[in-house]
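This is what each chain is made of:
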Amino acid sequence: MTTADRKPRVFSGIQPTSDSFHLGNYLGALRQWVALQDDSDALYCVVDQHAITVDHDPKVLHERSRVSAAQLLALGVDPERCILFIQSQVPEHAMLAWILGSETGMGEASRMTQFKDKSAKQERTTVGLFTYPILMAADILLYQTDQVPVGEDQRQHLELSRDLAGRFNTTYGKTFIVPEPYIVKETATIKDLSDPEKKMSKTSSGPRGCLYLLDDANVMRKKIKSAVTDSEAQVRYDLEHKPGVSNLLNIYAAVGDTTVEKLEADYAGKGYGDFKGDLAEVVAEAFGPVAVKTREYLADKAELDRILTAGAEKARHLATRTIDKAYKKIGFYPPAAL
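Residues numbered from 1 in each chain as written. Predicted model: local features only at pLDDT ≥ 70, side-chain atom pairs only at ≥ 80, totals over all residues. Heavy atoms only, no water.

**Q** Whenever I open this one, the overall build of the chain confuses me. Can you help?
**A** In terms of regular secondary structure, the chain is built from 14 helices and five strands. Over its C-alpha atoms the chain spans a radius of gyration of 22 Å, differing by no more than 12% from the 20 Å that the globule rule assigns to 338 residues. Taking the principal axes of the C-alpha coordinates as reference, the chain spans close to 70 × 45 × 45 Å. Per-residue burial over the chain gives 46% buried out of 338 residues. The long-range fraction of contacts in the chain, counting pairs at least 24 apart against all pairs at least 6 apart in sequence, stands at 73%. Here the chain contributes 42 positively and 47 negatively charged side chains, and the mean placements of these two sets differ by 3 Å. (Helix = DSSP H or I, 4+ residues; strand = E, 2+ residues; numbered from the N terminus. Rg over C-alpha atoms; globule rule 2.2 N^0.38 Å. Buried < 20%, exposed > 50% of the residue type's maximum accessible area, 1.4 Å probe, protein only. Contact = heavy atoms within 4.5 Å. Lys, Arg positive; Asp, Glu negative; His and termini not counted. Charge placed at Lys NZ, Arg CZ, Asp CG, Glu CD.)

**Q** It is not clear to me how the pattern of salt bridges should be interpreted in this structure. Could you clarify?
**A** Where charged atoms from two side chains of opposite charge approach closely, those side chains can pair. Going through the model one piece at a time under the given rule, you end up with 20 salt bridges. Here Glu180 and Arg162 are joined by a salt bridge, their closest N and O atoms 3.3 Å apart. Of this pair, Glu180 sits in strand E5 (residues 180–183) while Arg162 sits in helix H9 (residues 155–172); the two residues are 18 residues apart in sequence, bridging distant segments of the chain. With a relative accessible area of 42%, Glu180 lands in the partly exposed category. (Salt bridge = Lys/Arg side-chain N within 4 Å of Asp/Glu carboxyl O.)

**Q** So what exactly am I meant to see when it comes to the UniProt feature "binding site: L-tryptophan" (unreviewed entry) in the chain here?
**A** Per the UniProt annotation, the sites labelled "binding site: L-tryptophan" (unreviewed entry) are Asp139. As for its placement among the helices and strands, Asp139 is situated in helix H8 (residues 132–141). Judged by relative accessible area, Asp139 falls into the buried class, the value being 2%. Leave out the neighbours within four places in its chain, and Asp139 touches Phe11, Val47, His50, Gln87 and His93. (UniProt positions renumbered as here; feature names shortened; annotations may be inferred.)

**Q** Which parts of the structure should I look at to understand the packing of aromatic side chains?
**A** How two aromatic rings sit relative to each other is given by the distance of their centres and the angle of their planes. Tallied over the entire structure, the rule returns 10 aromatic pairs. When the ring of Trp33 is compared with that of Tyr44, the centres are 4.5 Å apart and the planes differ by 5°; the resulting orientation is stacked. Of this pair, Trp33 sits in helix H1 (residues 23–36) while Tyr44 sits in strand E2 (residues 41–46), placing them 11 residues apart in sequence. Here Trp33 falls in the buried class, since its relative accessible area comes to 1%. Among the aromatic residues, those joined into a ring-pair cluster are Phe11, Phe85 and Tyr143. (Phe/Tyr/Trp six-rings, centres within 6.5 Å; stacked < 30°, edge-to-face > 60°.)

**Q** Sorry if this is basic, but what is going on with the pairing of E2 here?
**A** Two faces belong to every sheet, and in a regular strand the side chains alternate between them. Counting buried positions along E2 yields five of six residues, so the element is predominantly enclosed. Pairing between strand E1 (residues 9–14) and E2: six bridges, direction parallel. When the sheet's bridge partners are listed, Ser12 is paired in E2 with Tyr44. In this region the chain leaves E1, passes through H1 and returns to the parallel neighbour E2; the handedness of that crossover is right-handed. Of the strand pairs in this sheet, E2 and strand E3 (residues 82–86) are connected by five bridges, and their pairing is parallel. Bridge pairing in E3 places Val46 opposite Ile86. (Pairing = 2+ DSSP bridges. Right-handed = clockwise from strand over helix to strand, strands pointing away.)

**Q** Help me understand the UniProt feature "binding site: ATP" (unreviewed entry) in the chain in this model?
**A** According to UniProt, the feature "binding site: ATP" (unreviewed entry) maps to Gln15, Pro16, Thr17, Gly24, Asn25, Gly151, Glu152, Asp153 and Ile190 in the numbering used here. Along the polypeptide, Pro16 turns up in the loop between E1 and H1. The residues touching Pro16, leaving out its near neighbours within four places in the chain, are Val46, Val47, Asp48, Ala51, Leu61, Arg64, Ser65 and Ser68. Along the chain, the position of Ile190 falls in the loop between E5 and helix H10 (217–225). With relative accessibility at 6%, the residue Ile190 sits in the buried group. When near neighbours in sequence (up to four residues on either side) are disregarded, Ile190 contacts Leu23, Gly24, Leu27, Lys199, Met200, Asn247 and Ile251.

**Q** I tried to follow helix H3 (residues 58–75) on my own but got confused; where do I start?
**A** Since the α-helix advances by 3.6 residues per turn, residues separated by three or four positions end up pointing in the same direction. The first and last C-alpha atoms of H3 sit 26 Å apart over 18 residues, in line with the 26 Å expected at 1.5 Å per residue. Every buried residue of H3 is accounted for by Leu61, Ser65, Arg66, Val67, Ser68, Ala69, Ala70, Gln71, Leu72, Leu73, Ala74 and Leu75. For H3, the capping residue at the N-terminal end is Asp57, with a side-chain oxygen 2.9 Å from the backbone nitrogen of Lys59. Looking one or two places after H3, you find Gly76, whose phi comes out positive at around 120°. (Expected span 1.5 Å × (residues − 1). Polar contact = N/O pair within 3.5 Å; in protein donor to acceptor, adjacent residues only side chain to side chain.)

**Q** Help me understand the domain arrangement of the chain, please; the structure alone is not making it clear to me.
**A** A common way to express how large an interface is: the accessible area buried when the components associate. Assigned domains within the chain: domain 1 (9–187 + 301–330) and domain 2 (217–296). Across the contact, nine residues belong to domain 1 and seven residues belong to domain 2. Both faces combined, the contact of domain 1 with domain 2 buries some 650 Å², and carbon together with sulfur accounts for 82% of it. Applying the counting criterion to the domain 1 and domain 2 interface returns zero salt bridges. In this assembly, domain 1 and domain 2 are joined by one residue pair in polar contact (both at pLDDT 80 or more). Sorting the residues of the side of domain 1 that touches domain 2 by element identifies H1 and H3 as the ones contributing at least two each. (Domains from an automatic or database assignment. Buried area = accessible area lost by both parts, 1.4 Å probe.)

Shown next, in the form of structure tokens:
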């Protein structure tokens, strides 16, 4: 198969920093992961090495990594159509990160805006948090990735990956594919259900404001029905004057595979009770089965670990090719066989 004939290789990762993914994670990224399996050579990774750049509990991290993988499987990530693995199972990520870190200027690393944002929220700022984007670049370049699904918050990190790939290729000879952004279908930012001025987030949203994918179906319904709206009682999209209703319309359109305009027409003359009640059922029907399937995967630990180990072995098969090439170009001895 020639390069022109093969599917584009896609890489993406998600941190296991919560007991459950939330609706914003799904609509912003994970839904695209499932779709990309059809037309791409896809690798998906639970990036637990990134998760230790801030304070953490080792036992909680280990369990959350498993829960994250189980949720991905429940959402439709198929190990027969992609490679799914845990980052720490593939040591080549850290090996390449050291090489790339030695090619990164301090000024370059200092300009990463996410470090500034995250470090401002931490009592203790680590070197790992500072070099986080370099490990992300290693994640991407390790697999000779063609395309990386990115939102605006990750675009700067992808540019660093591209810069490092190009610099290494120029200095040491062609080694890495320079990845391109894969611009996902634009999805409206999902807001906090109880404070629609804020983005839905596991860290800043309260218990009623964040819709978790592993919530019980009845909990999902209750959160939707109690979501903040306004006193006007008209289902109409208006971000400035009706942010709560507009947020619910965005959720309904995305989960129900419809449009805001159609929803406005459907609910013309109806109150918020009908609208919220219908939306609650749409959300519960869409994500209730995800929680059930996740629990099924978690109940069979041996099978889940088998899937992840098999994925890690496939990932390492690709990763070692890149590491062997990079080590030779940089002047290192080849890694010793295990």
